[in-house]
Amino acid sequence: MTILLGRRHVIQGFACIGVTAAMLPCCGGYWMRASAAARDFSLGEIADGIYAFAGVYELMAPANQGAICNLGLIVGNDAVALIDSGGSIKEGQEFLAAVRWITAKPIRYLINTHMHPDHIFGNAVFREAGATIVGHHNLPRALEARGSYYLQSYREQLGDELMKGIEIIPPTVLVDDRLELDLGGRSLELRAWKPAHTDNDLTVFDKATRTLFAGDLVFMSHLPTLDGSLLGWMRQMSELAAVDAARVVPGHGPASAGWPDALQPEQHYFELLAADLRKSIAAGVPLSEAVKTAGQSARDGWSLFDEFNGRNATAGYAELEWE
Amino acid sequence: MSDSSHIVRRTTLRNTAAALLLAVAAIGGFASLTRAETADAPSNETWNSLKTDVFANRPIKDNEGLISIEAPRRAQDAALVPVDIRIDPAKAPNGVKAITLIIDVNPSPVAATFKFGDNSGVTHFSTRVRVNDYSFVRAIAETQDGQLYMTETFVKASGGCSAPAVKNQDEAKATMGQMKLRQFAAKDSIDGRSPELQLMIRHPNNSGLQRDPQTQLFIPPHFIHELSVMQGDRKIFSMESGISISEDPNFRFNYHPDGKNPIRVEATDTDGNKFQDQWPLETAKL
């Protein structure tokens, strides 16, 4: 559906909001933005009534406005639900504008898939828009422990301008195990997972189109990052694969991918990483040495490998040495 | 409370003030300097004001090869930075009495003081620490005749103390106090000459530097502050420590085994919990 003309994007059926450049309407139903410098905010329809935005494979930075993770919109008969709010107020506002381009229905729910700043820093925008915020039962506790650290440490990374208005806003509706949400003729099944990417991972399944919003339980192209439990993530992989979905919106990766094939790259990475770490631990190779080589053979095909593999290996070693 | 706990408290206060000043200075106009130009200045400044608190006016000599330290130049995970300390047996034939580990810019810079038993045989010691910012990590050895020797290495890290290190809070609560001991035969040890032990203790070792967003109060620190490792009744080492030792404290060291007595470990945390365990000596691992 998207045709790329050099850096010029011609997009059909997308809500495409320019960051700085004005939007030029052209040729009925098509929108074209003729700015090479600015970033697009494209919310594309991936299934009937399901839209997704794909973040860039970068660290959060002023240039990308923190827009590094995937976001979703699900449109019911009466209301809509959003999946994650983005990494800044600016991104949240662009997301909201894109949603409003598509539908005028009330935003009933904002579902946070987990605690990380790229997924929750835009929350204030949607609280103001009247959304009820929904999250994993562990999310309030995680935000309590980490919220002030996020606000402080990301100020350095994102700058004062982009940090403006960002608040840590915990969910008010919590998911213990499963929860069904109704948007009018459209039922969403939310599921709280055991510690994996974090200890507050939540997925959203749209029954009508069999679309799974996996949050950061699924990474594609962007190297997975570990902030929960490597063993927990690996153990729940088969349960995750068993979700009867036709497609997935990963937390990082393309806007939509086939299911469960989308799991294969990260599964392969975890297996190699864990095998390397277990071998080092058994041989008595200390952490400082083991992390230099662990997982390196899985490098191909991943963005941000050097940014995150050493950290994953460190966390994985500290976890696996207790096996 | 022992003398060194007192020192930790005093330096905490002093350094918190220093950190605040630095933060204000950074906001106030030094922000245009690049990180590289300013990287080690705050650390050295802190050390200069700190050393008399910790070591009174005792002279601290350059290490002269007696002690060396290794840590990654850039931390992969600031809450889990491996540190390796080595004593040269040729320069200290009877070992050292104590090693103090200092991380200049941490809110409580004295990470730990390790005191070694007579003839413990410890010449290599590694652990994992939190490093809050770009900082020197220093090891100061006290020899048997009371001389102090220092070595240091620079680590680029950020947020190791204020970052909530616990990734899996339910598991951390459920397993607190569990211990594991690994024994390595001389041939499988890091130096290849003497047997090694690796002691692992499950503990969140909370730094107490996370703020509750609702109340803005600091979540109270909770960490292991006393530890002793014995073979039978003979001390291998004891430790007094602050908030800078990583979650799930982990120590690996070589030693001189003496007889067949078991290895015994006792630890106490700041809530007054006592944890103990013991393991028979694996004679195949000597």
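Residues numbered from 1 in each chain as written. Chains lettered and ligands numbered in written order. Predicted model: local features only at pLDDT ≥ 70, side-chain atom pairs only at ≥ 80, totals over all residues. Heavy atoms only, no water.

In the nomenclature of an unreviewed UniProt entry, chain B corresponds to Quinoprotein dehydrogenase-associated SoxYZ-like carrier from the organism Pseudaminobacter soli.

To be explicit about the condition: UniProt positions are given in the numbering used here, feature names are shortened, and annotations may be inferred rather than shown by experiment.
The name given to chain A in an unreviewed UniProt entry is Quinoprotein relay system zinc metallohydrolase 2, with the source organism recorded as Pseudaminobacter soli. Here chain A is described in UniProt, under the heading Sequence similarities (unreviewed entry), as follows: "Belongs to the metallo-beta-lactamase superfamily. Class-B beta-lactamase family."

So, the pairing of strand 8 (residues 148-155) of chain B
All names here are of chain B. Using the following cut-off: Buried means the residue's accessible area, taken with a 1.4 Å probe over protein chains only, is under 20% of the maximum for its type, while exposed means over 50%, and partly exposed covers the values in between. What counts as a helix is a DSSP run of H or I of at least four residues, what counts as a strand is a run of E of at least two, and both are numbered from the N terminus. Strand pairing is assigned whenever DSSP detects at least two bridges linking the two strands.
Among the 8 residues of strand 8, 7 are classified as buried, and the element is accordingly described as predominantly covered. Relative to strand 8, strand 1 (residues 60-62) runs parallel, the two being bridged by 3 bridges. Pairing of Lys61 across the sheet is with Tyr149, part of strand 8. Taking the residues between adjacent antiparallel strands as the criterion, strand 7 (residues 135-143) and strand 8 are bridged by 4 residues, where Gly146 takes a positive phi near 85°.

As for the environment of Leu101 of chain B
Residue and element names in this part refer to chain B. The condition is simple: The contact criterion used is simple: two residues touch if any of their non-hydrogen atoms lie within 4.5 Å.
Structurally, Leu101 is set in strand 4 (residues 96-103). According to the relative accessible area criterion, Leu101 is buried, its value standing at 0%. Between the C-alpha atoms of Leu101 and Val137, which are 36 residues apart in sequence, the distance is 7.3 Å. When neighbours within four sequence positions are excluded, Leu101 is seen to be in contact with Ile69, Val83, Ile85, Pro109, Val110, Ala111, Ala112, Phe114, Thr127, Val129, Val137 and Arg138.

A closer look at unusual backbone geometry
The omega angle of the peptide bond from Trp259 of chain A to Pro260 of chain A is 0°, so this bond is cis rather than trans. Looking at the element boundaries, Pro260 of chain A is found in the loop between strand 18 (257-258) and helix 7 (264-282). One non-glycine residue, Leu304 of chain A, lies in positive phi territory at about 65°. Residue position: Leu304 of chain A is located in the loop between helix 8 (287-293) and helix 9 (305-320). Exposure remark for Leu304 of chain A: the relative accessible area of 13% places this residue in the buried category. Positive phi, normally seen in glycine, also occurs at Asn119 of chain B, with a value near 55°. The topology assignment puts Asn119 of chain B in the loop between strand 5 (110-116) and strand 6 (124-129).

Remarks on the packing of aromatic side chains
Residues and elements named next belong to chain A. Note the cut-off: Working definition: rings of Phe, Tyr and Trp (its six-membered ring) pair if their centres are within 6.5 Å, and the pair is stacked with planes under 30 degrees apart, edge-to-face with planes over 60 apart, and tilted otherwise.
What the rule picks out here adds up to 22 aromatic pairs over all chains. An angle of 50° between the planes, with centres 4.6 Å apart, marks the rings of Trp233 and Phe270 as tilted. Placement of Trp233 in helix 5 (residues 230-235) and of Phe270 in helix 7 is noted, with a sequence separation of 37 residues between them. Judged by relative accessible area, Phe270 falls into the buried class, the value being 2%. On the basis of an interplanar angle of 75° and a centroid distance of 6.3 Å, the ring pair of Tyr269 and Phe305 is categorised as edge-to-face. Taken together, the residues Tyr269 in helix 7 and Phe305 in helix 9 connect sequence positions 36 residues apart. Residue classification places Tyr269 among the buried residues on the basis of a relative accessible area of 0%.

A look at the packing of helix 7 of chain A against helix 9 of chain A
Residues and elements named next belong to chain A. Counted only if it meets this: In this analysis an axis means a line fitted to C-alpha atoms, helices contributing only their contacting stretch, and an angle means the value between N-to-C directions, from 0 to 180 degrees. Oblique is the label for any angle not under 35 degrees, not over 145, and not in the 65 to 115 range, which are roughly parallel, roughly antiparallel and roughly perpendicular in turn. Definitions for this section: a left-handed crossing has its near helix turned counterclockwise from the far helix by less than a right angle. A right-handed crossing has that turn clockwise.
Their axes nearest at 10 Å, the elements helix 7 and helix 9 cross at an angle of 50°. With respect to helix 9, the axis of helix 7 lies oblique. The handedness of the crossing between helix 7 and helix 9 comes out as right-handed. Residue-level inspection shows Tyr269, Leu273, Ala274, Leu277, Arg278 and Ile281 of helix 7 in contact with helix 9, the latter providing Phe305, Asn309, Asn312, Ala313, Gly316, Tyr317 and Leu320.

A short note on the nonpolar core
As a reminder, the rule being used: Here the nonpolar core consists of buried residues drawn from Ala, Val, Leu, Ile, Met, Phe, Trp, Tyr and Cys, with membership extended through side-chain atoms lying within 4.5 Å.
Counting residues in hydrophobic clusters, the biggest one holds 50 residues, and the most contacted among them are Leu199, Leu227, Phe237 and Phe251 of chain B. Residues in contact with Leu199 of chain B, not counting those within four places in the same chain, are Met179, Lys180, Leu181, Leu227, Val229, Pro249, Asn250, Phe251, Val265 and Trp279 of chain B. With 44 residues, the next largest nonpolar core counts Leu212, Val248, Ala290 and Ala294 of chain A among its residues.

Some thoughts on the side chain of His197 of chain A
Locating His197 of chain A in the fold gives a position in the loop between strand 14 (187-192) and strand 15 (202-206). For His197 of chain A, the contacting residues outside a window of four places in its chain are His114, His116, Asp216, Leu217, Phe219, Thr225, Leu226, Asp227, Gly228 and Trp233 of chain A.

Some points on the interface of chain A and chain B
Put simply, the rule reads: Here's the idea: put two parts together, see how much 1.4 Å probe accessible area each one loses, and the total over both is what we call buried area. Salt bridges are counted wherever a side-chain nitrogen of Lys or Arg sits within 4 Å of a carboxyl oxygen of Asp or Glu. Under this definition, polar contacts are N or O atom pairs within 3.5 Å; protein pairs additionally need one hydrogen-donor-capable and one acceptor-capable atom, and for neighbouring residues in sequence, both atoms have to be side-chain atoms. Polarity classes work like this: nonpolar for Ala, Val, Leu, Ile, Met, Phe, Trp, Tyr, Cys and Pro, charged for Asp, Glu, Lys and Arg, and polar for all others, with Gly in that last group.
Listed as interface residues are 33 residues of chain A and, on the opposing side, 36 residues of chain B. Together, the buried faces of chain A and chain B total about 2800 Å²; carbon and sulfur atoms form 50% of this surface. At the surface where chain A touches chain B, the tally comes to 2 salt bridges. Between Arg128 of chain B and Glu321 of chain A there is a salt bridge, with its nearest N and O atoms 2.6 Å apart. On the surface where chain A and chain B come into contact, there are 9 residue pairs in polar contact (both at pLDDT 80 or more). Looking at the side of chain A that touches chain B, the elements with two or more residues in it are helix 4 (139-163), helix 7, helix 8 and helix 9 of chain A. Take the side of chain A that touches chain B: its biggest share by element is 10 residues, from helix 4 of chain A. A breakdown of the residues in the side of chain A that touches chain B according to their chemical character gives 15 nonpolar, 9 polar and 9 charged.

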